[in-house]
Amino acid sequence: MKRRSFIKKTGISGFTLALAPNISFSSNKDFEYSILELMGKTDIELVGKGINLRPLAHDAFVEMKKAAYSDGIDLKIVSSYRNFGRQEAIWERKYERYTQENGMEPLEAIDKIIEYSTVPGTSRHHWGTDVDIVDGYRKVEGDVLLPSKFESGGPYEDFKKWMDENANTFDFYLVYTNDPKRKGFKYEPWHYSFAPISVPMLTEFRRKNIMQLLQQEEFLGCEHFTNGFITNYIQNNILGVNKELL
């Protein structure tokens, strides 16, 4: 399949224009993160075996894990930091499966991918602040990251209740809530973000025109991106998060 940069379809202005609504630009920046850092394109300081978070996020997670232990919950990280290449591999694997094995049209496949997976370079997992977690004490067969397994009667029911009551105390917030008014990615009861770092990172991300970097990237399906798709993706997916993380 021919791989082309979606910049050829959208133009550099697409990302900037899409960011314009509801965004205030400040010249007095309290935080500053490079575009490469925000997109998972450069090494960042990550600590903790099997944790791989920025130091402050790591320390807060360890404290939360200790507290959960005392209540019979084992906070087990399924996924934390992912660089650009890793996210690109996830995207392309799904794109090939949906288009080649399932026979979906490209746009249909892209819509299916962004139910749960991000466009490479736009994942919160690039930041070293976000984790997908479950209860390691529960033996679960198959895919552990299914919303039904966190519901009443599911294996992670107690985990979900504990996190609802305690996660915010350690500055971790559920990213994609089950708020019916929220748009974008589907409900993910396993995905938490360390707000003291991820909030300013999202603020900085909104100031950037990452189109200038993405124009050099090529990944499967990107030639089908349009200005309308990018605009909706930013407003609904990137910004469609827990209000406490905006």
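Here the structure is a predicted model, which means the values were calculated and not measured. (Residues numbered from 1 in each chain as written. Predicted model: local features only at pLDDT ≥ 70, side-chain atom pairs only at ≥ 80, totals over all residues. Heavy atoms only, no water.)

Here's the deal with the packing of aromatic side chains
What counts is decided by this rule: Under the pairing criterion, centres of Phe, Tyr and Trp rings, with the six-membered ring standing for Trp, must be within 6.5 Å; the plane angle then separates stacked pairs below 30 degrees from edge-to-face pairs above 60, leaving the rest tilted. Helix and strand definitions follow DSSP, with helices as H or I runs of at least four residues and strands as E runs of at least two, each counted in order from the N terminus. Classification of residues uses two cut-offs on accessible area relative to the type maximum, computed with a 1.4 Å probe and protein chains only: under 20% is buried, over 50% is exposed, and between them is partly exposed. Ring-over charges, as used throughout, are those where CZ of Arg or NZ of Lys falls within 6 Å of the ring centre and within 35 degrees of the ring normal.
For the structure shown, the criterion picks out 16 aromatic pairs. When the centroid spacing of 5.9 Å and the interplanar angle of 90 degrees are considered together, the rings of Trp91 and Phe225 count as edge-to-face. Within this pair, whereas Trp91 is found in helix H5 (residues 84–101), its partner Phe225 is found in the loop between helix H9 (211–214) and helix H10 (227–238), the two being separated by 134 residues in sequence. Accessibility classification places Trp91 together with Phe225 in one group, the buried group. Put simply, the rings of Trp91, Tyr176, Phe185, Phe219, Phe225, Phe229 and Tyr233 touch in pairs and so form one group of aromatic residues. Positioned above the aromatic ring of Phe84, the side-chain terminus of Lys41 is 4.5 Å from the ring centre.

As for the environment of Asn52
Put simply, the test is: Working rule for contacts: check all heavy atoms of both residues, and any pair within 4.5 Å makes them a contact.
Position of Asn52 relative to the elements: it lies in the loop between helix H3 (35–38) and helix H4 (55–70). Residue classification places Asn52 among the partly exposed positions, given a relative accessible area of 37%. When neighbours within four sequence positions are excluded, Asn52 is seen to be in contact with Leu46, Val47, Ser80 and Tyr81.

Section: the layout of surface pockets
Inclusion rule: Think of a 1 Å grid over the protein atoms and nothing else: a 1.4 Å probe that fits but is trapped marks a cavity, an open set flanked by protein within 12 Å on at least five of seven lines marks a pocket, and residues with an atom within 4 Å of a point count as lining. Grid points are joined across faces, edges and corners, and a volume is the space filled by probe spheres set on the points. In the scheme used here, Gly and all other residues not listed as nonpolar or charged are polar, with Ala, Val, Leu, Ile, Met, Phe, Trp, Tyr, Cys and Pro taken as nonpolar and Asp, Glu, Lys and Arg as charged.
Considering only enclosed or pocket space, the largest pocket measures out at about 490 Å³ in volume. Elements supplying a minimum of two residues to the lining of the largest pocket: strand S1 (75–79) and H5. For the lining of the largest pocket, the element with the highest residue contribution is H5, accounting for five residues. Taken together, the residues of the lining of the largest pocket break down into nine nonpolar, seven polar and eight charged. Considering only enclosed or pocket space, the second largest pocket measures out at about 200 Å³ in volume. Around the second largest pocket, the lining comprises 13 residues; the ones closest to its centre are Lys181, Arg182, Gly240, Val241 and Lys243.

Things to note about the side chain of Asp135
Worth spelling out the cut-off: A 3.5 Å cut-off defines polar contacts: any pair of N or O atoms within that distance qualifies, except that in protein one atom must be a possible hydrogen donor and the other a possible acceptor, and neighbouring residues in sequence count only when both atoms are side-chain atoms.
Relative to the helices and strands, Asp135 is located in strand S2 (residues 130–135). Residue class for Asp135 comes out buried when judged on its relative accessible area of 1%. Of the polar contacts made by the side chain of Asp135, one reaches the backbone nitrogen of Asp74; its length is 3.1 Å. A distance of 3.0 Å separates the side chain of Asp135 from the backbone nitrogen of Tyr137, its partner in a polar contact. When residues no more than four places from it in sequence are discounted, the contact partners of Asp135 are Gly72, Ile73, Asp74, Tyr156 and Phe159.

Things to note about the pattern of salt bridges
Cut-off, in case you're wondering: The rule for a salt bridge is simple: a side-chain nitrogen of Lys or Arg has to be within 4 Å of a carboxyl oxygen of Asp or Glu.
Applying the stated criterion across every chain, the model contains 12 salt bridges. Between Glu165 and Lys161 there is a salt bridge, with the nearest N and O atoms lying 2.8 Å from each other. Of this pair, Glu165 and Lys161 both sit in helix H7 (residues 157–166), four residues apart, which is roughly one turn of the helix. For Lys161, a relative accessible area of 48% puts it in the partly exposed group. Here Arg207 makes a salt bridge to Glu204, at a shortest N to O gap of 3.0 Å.

A look at the confidence of the model for the chain
How we decide: pLDDT gives the predictor's per-residue confidence on a scale running from 0 to 100.
Averaged over every residue, the pLDDT of the chain is 87; the share at 70 or more is 84%. This model gives residues 1–29 a pLDDT under 50, and the stretch forms 69 contacts once residues within four places in sequence are excluded.

Details of empty space enclosed by the protein
Enumeration over the complete set of coordinates arrives at two cavities of 30 Å³ or more. Here the largest cavity is characterised by a volume of approximately 80 Å³. Taken together, Thr118, Thr122, Arg124, Trp127, Tyr176, Phe185, Leu202, Phe205, Tyr233, Asn237 and Ile238 make up the full set of residues lining the largest cavity. Counting only elements with at least two residues in the lining of the largest cavity, the list comes to helix H8 (195–207) and H10. Here the lining of the largest cavity takes three residues from H10, the largest share from any one element. In terms of residue class, the lining of the largest cavity is made up of seven nonpolar, three polar and one charged.

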